[in-house]
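Commentary on secondary and tertiary structure
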Amino acid sequence: MNSLLEYASSLSRETKWYGDHNENSRNLILTAGHLSMVYENGNLRYISFGNREVIRMIYFAVRDTEWLTVKPVISHEEFDLHPDSFRIIYRCQYMSGDINFSAHFTIEGNPDNSLILSFEGEAMKTFEKNRIGFCVLHPVETCIGESCIIKHSNDDLETSEFPQIISPYQ
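The text that follows walks through the structure, step by step, so that each part is easy to find. Within every chain, residues take consecutive numbers counted from 1 along the sequence as written. A pLDDT threshold of at least 70 governs which residues receive local features in this predicted model, and a stricter bar of 80 or more applies before side-chain atom pairs are shown or counted, although totals over entire chains, interfaces and linings include all residues. For the side-chain quantities, the full set of heavy atoms in the structure was used; hydrogens and water were omitted.

1. Examining the sheet that holds strand 4 (residues 35-40)
The pairing of strands in a sheet comes from backbone hydrogen bonds and takes either a parallel or an antiparallel form. Here the rule is simple: two strands pair whenever DSSP picks up at least two bridges between them. Labels follow the DSSP assignment, with helices taken as runs of H or I lasting at least four residues and strands as runs of E lasting at least two, numbered in each case from the N terminus. Read from one edge of the open sheet, 5 strands run 3-4-5-6-11, paired in antiparallel fashion. One side of each edge strand has no neighbouring strand; the edge strands of this open sheet are strand 3 (27-32) and strand 11 (131-137). Along the sheet, successive strands turn relative to each other by an average axial angle of 20 degrees, direction set aside. As paired strands, strand 4 and strand 5 (residues 43-49) are joined by 5 bridges and run antiparallel to one another. The partner of Glu40 across the bridge, within strand 5, is Asn43. The convention used is that axes are lines fitted to C-alpha atoms, helices contributing only their stretch in contact, and that angles between N-to-C directions extend from 0 to 180 degrees.

2. Some remarks on the side chain of Ser85
Summarising the element assignment, Ser85 is placed in strand 8 (residues 85-96). Ser85 sits in the buried class, given a relative accessible area of 14%. What makes two residues a contact is simply this: any of their non-hydrogen atoms within 4.5 Å. The residues contacting Ser85, other than those within four sequence positions of it, are Thr31, Asp80, Gly109, Asn110 and Pro111. Type-normalised accessible area, obtained with a 1.4 Å probe on protein chains alone, sets the label of each residue: buried when under 20%, exposed when over 50%, and partly exposed for intermediate values.

3. Topic: the environment of His82
Checked against the element boundaries, His82 lands in strand 7 (residues 72-82). Classification of His82 by relative accessible area gives partly exposed; the value is 42%. A polar atom in the side chain of His82 sits 2.9 Å from the side chain of Asp80. Think of a polar contact as two N or O atoms within 3.5 Å of one another; within protein, one of them needs to be a possible hydrogen donor and the other a possible acceptor, and neighboring residues in sequence only count if both atoms come from side chains.

4. Things to note about the pairing of strand 5
Counting buried residues along strand 5, 6 of its 7 residues qualify, which places the element largely inside the surrounding structure. Relative to strand 6 (residues 52-63), strand 5 runs antiparallel, the two sharing 5 bridges. Bridging across to strand 6, Ser48 finds its partner in Glu53. Taking the residues that link successive antiparallel strands as the turn, the strand 5-strand 6 hairpin has 2 residues, and the phi of Gly50 there is positive, at about 65 degrees.

5. Points about the nonpolar core
If you look at the biggest cluster of nonpolar residues, it comprises 23 residues, and the most contacted ones within it are Met37, Tyr94 and Phe101. For this core, the secondary structure elements donating two or more residues are strand 3, strand 4, strand 5, strand 6, strand 8 and strand 9 (99-109). Excluding anything up to four places from it in sequence, Phe101 contacts Phe60, Val62, Cys92, Gln93, Tyr94, Phe119, Gly121, Glu122, Ala123, Phe127 and Ile132. Residues belong to a common nonpolar core when they are buried Ala, Val, Leu, Ile, Met, Phe, Trp, Tyr or Cys residues joined through side-chain atoms within 4.5 Å.

Nothing here speaks to function; it is all geometry.
Have a look at this one:
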């Protein structure tokens, strides 16, 4: 597909997530300044600056001890949408086996082209996990071999490049 609008218009409620049908799927085209994207089931997809896709998807994952993704149940979605900004808040419950995790999310897109994603989570009981947090997927077509600057949590900068071939440690 050539554009975000073409993609968004092709989406249907028949889209399958986590191997089953999600009848509550809500697909919205959003803008944050010059950024455009699709909001779908708590995730931001196809984030583009103009005609260039810069991020394929940002999503939140709870992974069990086998690295399987625990399906979220989304509730209490609230949308505050404007022509060049937005704010979305919602709750998710993650339950599978021993895992019982509840989270409250806020996603903000601002007129200055910034995105802010945050969550507050609570383990409702003790459980083992392999990951709880945001995941960022980059578009393969435009990133392979390209240089990038990585900003670490301590504000240190590292120059690197996207790999030609993805390996497990990446």
